[in-house]
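# Structure assessment
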Amino acid sequence: MRPAADNARTCAPLAEVLHAGIPYVRGWRTANNATTELAKHLTTAGLDDGFGALKAEVNVHGDGLVNLGPVPADAVHRLATLLANGLCAELDHIAARDEAA
């Protein structure tokens, strides 16, 4: 299980002035990898048109962030529907596996 997000760090200002000793490149690279993966899945789901401003960023602490940019409401609705359907499918799979055991 992943640790809960630290909202103070997630909401920290973006790194516009770099300071020595903070691994900005590592954080940005992590965010860029996640952004690339998300873009691939959004394209597969037919949602690439709604997430045109998707980009990797880094905050003042060197934490990588994925900026979704402004997203049209219909794209968010379609994404929420896909996520809910995926969760339902996963829960059905778990229930079927537990019944078989």
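Residues numbered from 1 in each chain as written. Predicted model: local features only at pLDDT ≥ 70, side-chain atom pairs only at ≥ 80, totals over all residues. Heavy atoms only, no water.

## Comments concerning the overall build of the protein chain
- Check the secondary structure of the protein chain and you find three helices and two strands.
- When the helices and strands of the protein chain are listed from N to C terminus, the series reads α-α-β-β-α.
- Taking all 101 residues of the protein chain together, the buried fraction comes to 18%.
- Restricting to contacts in the protein chain with at least 6 residues of sequence separation, those with at least 24 account for 62%.
- Put simply, the protein chain shows about 7,500 Å² of open surface, and 60% of that area lies on carbon and sulfur atoms. (Helix = DSSP H or I, 4+ residues; strand = E, 2+ residues; numbered from the N terminus. Buried < 20%, exposed > 50% of the residue type's maximum accessible area, 1.4 Å probe, protein only. Contact = heavy atoms within 4.5 Å. Areas by Shrake-Rupley, 256 points an atom, 1.4 Å probe, with all protein chains shown as cover.)

## Some words on the pattern of salt bridges
- Under the definition given, this model contains three salt bridges.
- Across the pair Asp49 and Arg78 runs a salt bridge, and its minimum N-O distance is 3.3 Å. Linking Asp49 in the loop between helix H2 (24-44) and strand E1 (55-58) with Arg78 in helix H3 (residues 73-100), this pair joins segments that are 29 residues apart in sequence.
- Between Glu57 and Lys55 there is a salt bridge, with its nearest N and O atoms 3.2 Å apart. (Salt bridge = Lys/Arg side-chain N within 4 Å of Asp/Glu carboxyl O.)

## A look at the environment of Leu68
- Note on placement: Leu68 falls in the loop between strand E2 (64-67) and H3.
- We classify Leu68 as partly exposed; its relative accessible area is 36%.
- Sequence separation between Leu68 and Gly52 is 16 residues, and the spatial gap between their C-alpha atoms is 8.3 Å.
- Discounting residues that sit within four places of it in the chain, Leu68 has contacts with Leu38, Phe51, Ala53 and Leu54.

## Focus on the nonpolar core
- Membership of the largest hydrophobic core is limited to five residues, which are Leu42, Leu47, Phe51, Leu54 and Ala75.
- Excluding residues within four positions of it along the chain, Leu54 makes contact with Thr35, Leu38, Ala39, Leu42, Val66, Asn67 and Leu68. (Core = buried A, V, L, I, M, F, W, Y, C linked by side-chain atoms within 4.5 Å.)

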